Amino acid sequence: MSNRKKIAVFISGSGSNMQALIDASKSGLLTADIVWVVSNMRKAFGLKRAEKEQIESFVYKKKSYDSPQIAGDDLLQKLQERHIDYIALAGYLQLLPEVIVKEFKGRILNIHPALLPKYGGKGMYGQHVHKAVLESGDSESGATAHLADEIYDNGKILEQFKVPVLESDTPETLAARVLEQEHKLFPRALQELIKGKYEINDG
Ligand code: GRF
């Protein structure tokens, strides 16, 4: 019976950050296993990546439950049945149910494509983030790995990596430069979290 930590990855889209975690687990950079993928979008390409990697997945549709409470309890039960130790939010565009944020306090890691606390919060995802950075005239952007709580992009920041913003940048070119760093930062930050590098008092 392996004592390696078990990770559930939550996605909503292409899942390239999830793939970075899977690749890091295979290469040994991440000494844990991705054992479950949860998506709120049935057509998320990340589900195809999970299938290819033979990782169990689940489409979590809150509206398919009689109440948000029941939805949250069911998802928590499924996480516990799978003995999940950590949750990685890899482009997951919904808030987690409070019951899960409470149960997994200090064990939920999110990746955000900007230098939080700037350009975070509800509605700040994907191209919206990079458009806002370009409109601001900031000379740099970057990626942030942070603990997730019941508020979008709000928890304790663990790691950040800066990238330059170029005159010629479009939201797409900036997104690509940031995403490249996300793929490096996310597995590293998750490994450090699992190894207990961060003092998690305020969670
Ligand atoms: C990434 O930029 C991530 O930071 C943001 O959404 C994007 C997800 O991309 N939360 P992917 O689904 O991991 O490819």
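Residues numbered from 1 in each chain as written. Predicted model: local features only at pLDDT ≥ 70, side-chain atom pairs only at ≥ 80, totals over all residues. Heavy atoms only, no water.

(A) Local environment of the pattern of salt bridges. Tallied over the entire structure, the rule returns ten salt bridges. Notably, a salt bridge pairs Asp 138 with Lys 118, separated by 2.8 Å at the nearest N-O pair. Residue Asp 138 is located in the loop between helix 5 (127–136) and strand 6 (140–147), and its partner Lys 118 is located in the loop between strand 5 (108–112) and helix 5; the two are separated by 20 residues in the primary sequence. Lys 118 sits in the partly exposed class, given a relative accessible area of 44%. The salt bridge involving Arg 177 is made with Asp 169; its shortest N-O contact spans 2.7 Å. (Salt bridge = Lys/Arg side-chain N within 4 Å of Asp/Glu carboxyl O. Helix = DSSP H or I, 4+ residues; strand = E, 2+ residues; numbered from the N terminus. Buried < 20%, exposed > 50% of the residue type's maximum accessible area, 1.4 Å probe, protein only.)

(B) Focus on the sheet that holds strand 1 (residues 5–11). The strand order across the open sheet built from seven strands is 3-2-1-4-5-6-7, with neighbouring strands paired in mixed fashion. The strands lining the two open edges of the sheet, one partner per strand, are strand 3 (56–59) and strand 7 (157–164). Across this sheet, the average inter-strand angle for adjacent strands is 20°, counted without regard to direction. With four bridges connecting them, strand 5 and strand 6 associate as antiparallel partners. Among the inter-strand pairings, Leu 109 is bridged to a residue of strand 6, identified as Leu 147. Here helix 3 (residues 68–81) sits on the sheet in contact with strand 1, strand 2 (32–39), strand 3 and strand 4 (86–89), set at roughly 155° to strand 2. Against the sheet, helix 6 (residues 171–194) touches strand 1, strand 2, strand 4, strand 5, strand 6 and strand 7, its axis set at about 155° to strand 7. (Pairing = 2+ DSSP bridges. Axes fitted to C-alpha atoms, helices over the stretch in contact; angles between N-to-C directions. Contact = heavy atoms within 4.5 Å.)

(C) Quick peek at the pairing of strand 4. Neither face of strand 4 is exposed, since Tyr 86 and Ala 88 on one face and Ile 87 and Leu 89 on the opposite face are all buried. Bridge count between strand 1 and strand 4: four bridges; the pairing is parallel. Of the residues in strand 4, the one forming a bridge with Ala 8 is Ile 87. Here strand 4 pairs with strand 5 via three bridges, running parallel. Pairing of Ala 88 across the sheet is with Leu 109, part of strand 5.

(D) Structural context of the environment of Glu 56. Note on placement: Glu 56 falls in strand 3. Polar side-chain contacts of Glu 56 include one of 2.7 Å to the side chain of Arg 82. (Polar contact = N/O pair within 3.5 Å; in protein donor to acceptor, adjacent residues only side chain to side chain.)

(E) Inspection of the side chain of Asp 138 at higher detail. At 2.8 Å, the side chain of Asp 138 forms a polar contact with the side chain of Lys 118. For Asp 138, the contacting residues outside a window of four places in its chain are Lys 118, Tyr 119, Val 133 and Val 165.

(F) Inspection of unusual backbone geometry at higher detail. Pro 117 follows Leu 116 through a cis peptide bond whose omega is 10°. When you line up the elements, Pro 117 lands in the loop between strand 5 and helix 5. Phi is positive for Gln 54, which is not a glycine, with a value near 55°. Counting through the fold element by element, Gln 54 comes out in the loop between helix 2 (45–52) and strand 3.

(G) Seen up close, a positive patch on the surface. Judged by side-chain charge, Arg 42, Lys 43, Lys 48, Lys 61, Lys 62 and Lys 63 come together as a positively charged surface patch. Along the chain, the position of Lys 48 falls in helix 2. Taking the relative accessible area as the measure of exposure, Lys 48 reaches 54% and is therefore exposed. (Patch = residues over 30% accessible without salt bridge, like charges linked within 9 Å, V, L, I, M, F, W, Y side chains within 5 Å. Areas by Shrake-Rupley, 256 points an atom, 1.4 Å probe, with all protein chains shown as cover. Lys, Arg positive; Asp, Glu negative; His and termini not counted. Charge placed at Lys NZ, Arg CZ, Asp CG, Glu CD.)

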